[in-house]
Amino acid sequence: MADASISRRTLLASAASAVGAHALSRVGRAQVPAQATHPVVPPDPTKVPGSPPSQLGQRSVFEQPRRIPIGNGHSSVAPIQDLYGIVTPADLHFERHHAGVPVIDPQRYKLLIHGMVERPQVFDLDALKRFPAVSRMHFLECSGNGTPSYRGIRPNLSPQLIDGLTSTSEWSGVPLAVLFREVGVKPGATWFLAEGDDAAVMTRSIPIDKAWDDALIAYGQNGEALRPEQGYPARLFLPGWEGNANVKWIRRIEIADRPFMTREETSKYSDPLADGTARLFSFVMDAKSIITFPAYPVTLPDRGWWEISGIAWSGRGRITRVEVSTDGGKRWEAAELQQPVLPKCHTRFRYLWNWPGGATTLLSRAVDETGYVQPTLEHLQTARGLGTAYHFNHIRAWRVQSDGAVTFGLEG
Amino acid sequence: MRGTVARLVLALVAAGCGRGDRAAVHTGSPARFGFGRAATTADVSAWDIDVTPDGTGLPPGKGTVPQGAAIYARKCAACHGPTGTEGPSDRLVGREPREGFPFGRDPRFVRTVGNYWPYATTLYDYVNRAMPFDKPGSLTPDEVYGLVAFLLWRNEIVADTTVINAHTLPQVVMPAHDRFVPDNRRGGPEIH
């Protein structure tokens, strides 16, 4: 048992560095961590006193998980294969911004709420924090997540490069409903505009029911203030809804009786469909799962017991079941769901597999509390078309070669 | 009497009172806390820049295709190409394919202002708030109107003599206007 866990850790470490090297060749920019100053490692740590306490903790220098910047400089993906459980450390949370990360002085920050309200109001950060607060664990996912697994599939894709645009945090803030009661929403209001204080002045229209349901103005992430990349000092948070609508660095909310039809909800973040239409306001992220171990670029050194592990999530509520197939989809068996299983949150699943050797394909399939079953790639492509642009939540496949090498996709 | 009460309750529910109970956090919360301050007209006018399909929010001013062409060459062409088709950033011009709306089926077609955008007013709103990318928020209303006129003309949506202003822009009907449909995904066993 001890041996197995050591070999697995070594395996993960080498996997992480392989991904790093891979990233370097892909984007041609320095992803390599700044040369870490390795402490002197004593031959026996019980024979010398260790370091004193410090003001700010740091990761072990032996652990170097890294985001990978992708695309043309507006996103980075989280190293989901290097994480345990369901929480994403804030400094590894994926990024997606449209005009860079702004620097906002919290002393000068304000949120304006106006439009169809009785009392247009301005709230500074202290005022926002004085309202009764809530903290909730939720995933946040960019609706473009999974694009490389939908068309132009390559075998040398890691979980990070496929699905690294999702992260889970504990978000703290004031329920939007509390603020909406404070300003007095007028009868007939049905939508609101959320606007960011970044250079994109990002805007999205949101149905007002989401505010009465579970939307937050969040200022806390995993116990500390939001990271700048996640919207410091305050952002809109819409549990289960596509990342872009969760407007970061939020400065203004305008309440109205119709959507505003901004560029980000028409030209972008709309879904062209096979039937010659395009879907507007497709906010909810449907159920999805991905095996994060074993996955490219890992090579299993020997046959025998391996724990298949991954994450599943649904924007419609709780994950009720995750099934794993170790034979390319002929037989499916229930994976164990690690508690806590929370609504609109990553859920860790595990499945103990005794690899008999030989090539095979590993699949995972999530089911959520609405009875939605994660569809196959073929099913989704038939329903939406090969050219559709977002919401790629089909089943992901990992091919295990007889030599233990794992690659992405059904073939190969 | 009963009917009146029922109507009143409905009106309150529509106004959001009595809703959001999930968010009330504490039983016994007051109707209002009184935190924050009243917004002034200056607070609102400094930030209220959005433009909606009916033209709400469009400022006074106007622009023509030749005026827009000149501004485009100076401030936009470096990133979007001399004719709006060359890139390197988003392609802004293109009507292909002339028939149908095959973007869902066929990933080869590039979505542009001309073949995909449902509302012309969005062009004013977006260029005004976010472009040019390296100097956002730097254009005057007349410049934005001119650029909108130029881009609509390049996409063969308006004539080269068109003047774009707060009155004419909301009347422009975009080629893709009727292609957009609401989200029909509902959870449950169906895949849409």
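This structure is a prediction, so every number in the text was calculated from the model and none was measured.

A. Structural context of the overall build of chain A. Along its length, chain A carries 6 helices and 24 strands. In terms of overall dimensions, chain A is globule-like: its C-alpha atoms have a radius of gyration of 22 Å, near the 22 Å expected for 412 residues. Counting every position in chain A, which comprises 412 residues, the buried fraction comes to 58%. Counting only contacts in chain A whose residues sit at least 6 apart along the sequence, the fraction spanning at least 24 positions is 72%. Looking at chain A as shown, the accessible area adds up to about 16100 Å², and 54% of this sits on carbon and sulfur atoms. Once the 44 positive and 41 negative side-chain charges of chain A are each reduced to a mean point, those two points are 2 Å apart.

B. Highlighting the domain arrangement of chain A. Residues and elements named next belong to chain A. Assigned domains within chain A: domain 1 (68–276) and domain 2 (288–409). Spacing between the C-alpha centres of domain 1 and domain 2 amounts to 27 Å. Taken together, the contacts link 43 residues of domain 1 with 38 residues of domain 2. With both sides pooled, the region where domain 1 packs onto domain 2 buries about 3200 Å², and carbon together with sulfur makes up 59% of that total. On the domain 1 side of the contact with domain 2, Ile86, Phe139 and Tyr150 bury the most area, a combined 21% of that side's loss.

C. Helix α4 (residues 176–183) of chain A, seen in detail. Residues and elements named next belong to chain A. Summarising burial for α4: 7 of the 8 residues are buried, a large majority. Three or more residues of α4 are buried, namely Leu176, Ala177, Val178, Leu179, Phe180, Glu182 and Val183. Following α4 by one or two positions, Gly184 adopts a phi angle in the positive range, close to 75°.

D. Geometry of empty space enclosed by the protein. Residues and elements named next belong to chain A. In the structure shown here, the tally under the stated rule is 8 cavities of 30 Å³ or more. The volume enclosed by the largest cavity comes to roughly 180 Å³. Around the largest cavity, the lining is made up of 19 residues, and of these Arg96, Arg235, Gly243, Asn244 and Lys248 lie nearest the centre. Classifying every residue of the lining of the largest cavity by side-chain character gives 6 nonpolar, 7 polar and 6 charged.

Rules used throughout
Residues numbered from 1 in each chain as written. Chains lettered and ligands numbered in written order. Predicted model: local features only at pLDDT ≥ 70, side-chain atom pairs only at ≥ 80, totals over all residues. Heavy atoms only, no water. Helix = DSSP H or I, 4+ residues; strand = E, 2+ residues; numbered from the N terminus. Rg over C-alpha atoms; globule rule 2.2 N^0.38 Å. Buried < 20%, exposed > 50% of the residue type's maximum accessible area, 1.4 Å probe, protein only. Contact = heavy atoms within 4.5 Å. Areas by Shrake-Rupley, 256 points an atom, 1.4 Å probe, with all protein chains shown as cover. Lys, Arg positive; Asp, Glu negative; His and termini not counted. Charge placed at Lys NZ, Arg CZ, Asp CG, Glu CD. Domains from an automatic or database assignment. Buried area = accessible area lost by both parts, 1.4 Å probe. 1 Å grid on protein atoms, 1.4 Å probe; cavity = no way out; pocket = protein on both sides within 12 Å on 5 of 7 lines; lining within 4 Å. Points joined across faces, edges and corners; volume = space filled by probe spheres on them. Nonpolar A, V, L, I, M, F, W, Y, C, P; charged D, E, K, R; others polar.

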